[in-house]
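# Observations on the three-dimensional arrangement
Chain by chain, the residues:
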Amino acid sequence: MISVFMFSFVYDVTKFLEDHPGGDDVLLSATGKDATDDFEDVGHSTTAKSMMDEFYVGDIDASTIPSKVEYKAPNQAHYNQDKTPEFIIKILQFLVPLVILGVAVGIRFYTKAL
Ligand code: HEM
């Protein structure tokens, strides 16, 4: 049985797969999850909605729906891949441009003097 869950009801769409105007792939990908939003997003006609009675097999037992699990970011320190202490990186970020600038000014000064 290929069933989709919508509006707190279960529908068996096994026999409808080949006849569904939207194709069988959308029904198959909606199987085993709440397809209410997918169904609503398509903007199914009232004819489509009345057809659903044909495929109704039962109500969803609300007690079996898992409560929504909120994502919690793992509580771990920032991973420093190259193991270089952060303060050295900060000093280098400041020093490297200064050194480049110094070398550039030095070259300019030296070539001008010649
Ligand atoms: C028992 C459940 C369903 C029935 C009876 C049904 C029926 C229909 C019907 C009659 C149409 C033709 C257009 C219309 O009259 O609205 C249609 C189109 C469509 N349906 Fe369903 N449908 C069902 C479930 C679903 C689900 C769960 C999805 C998505 C996961 C879906 C996706 C689509 C798509 C993408 C179209 C094509 C829309 C278009 O080309 O404009 N349907 N369906």
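Our subject in this report is the structure included herewith.

Here we take up the site of the ligand. In the vicinity of the ligand, 20 residues are found, and the nearest of them are Pro21, Gly22, Asp38, Ser45 and Ala48. Looking at the shell around the ligand, the elements that each hand over two or more residues are helix H1 (24–30), helix H2 (36–42) and helix H3 (46–55). Counting residues per element, the shell around the ligand draws most heavily on H3, at 5 residues. When the residues that make up the shell around the ligand are grouped by side-chain class, the tally is 14 nonpolar, 5 polar and 1 charged.

Below, the discussion takes up the pairing of strand E2 (residues 9–12). The pairing of strand E1 (residues 3–6) with E2 spans 4 bridges and is antiparallel. Along E2, the bridge assignment pairs Ser3 with Asp12. Two successive antiparallel strands, E1 and E2, enclose a turn made up of 2 residues, where Phe7 displays a positive phi of approximately 50°. With 3 bridges connecting them, E2 and strand E3 (residues 56–59) associate as antiparallel partners. By the bridge assignment for E3, Phe9 is matched with Asp59.

Calculation rules
Residues numbered from 1 in each chain as written. Predicted model: local features only at pLDDT ≥ 70, side-chain atom pairs only at ≥ 80, totals over all residues. Near = placed C-beta within 6 Å. Helix = DSSP H or I, 4+ residues; strand = E, 2+ residues; numbered from the N terminus. Nonpolar A, V, L, I, M, F, W, Y, C, P; charged D, E, K, R; others polar. Pairing = 2+ DSSP bridges.

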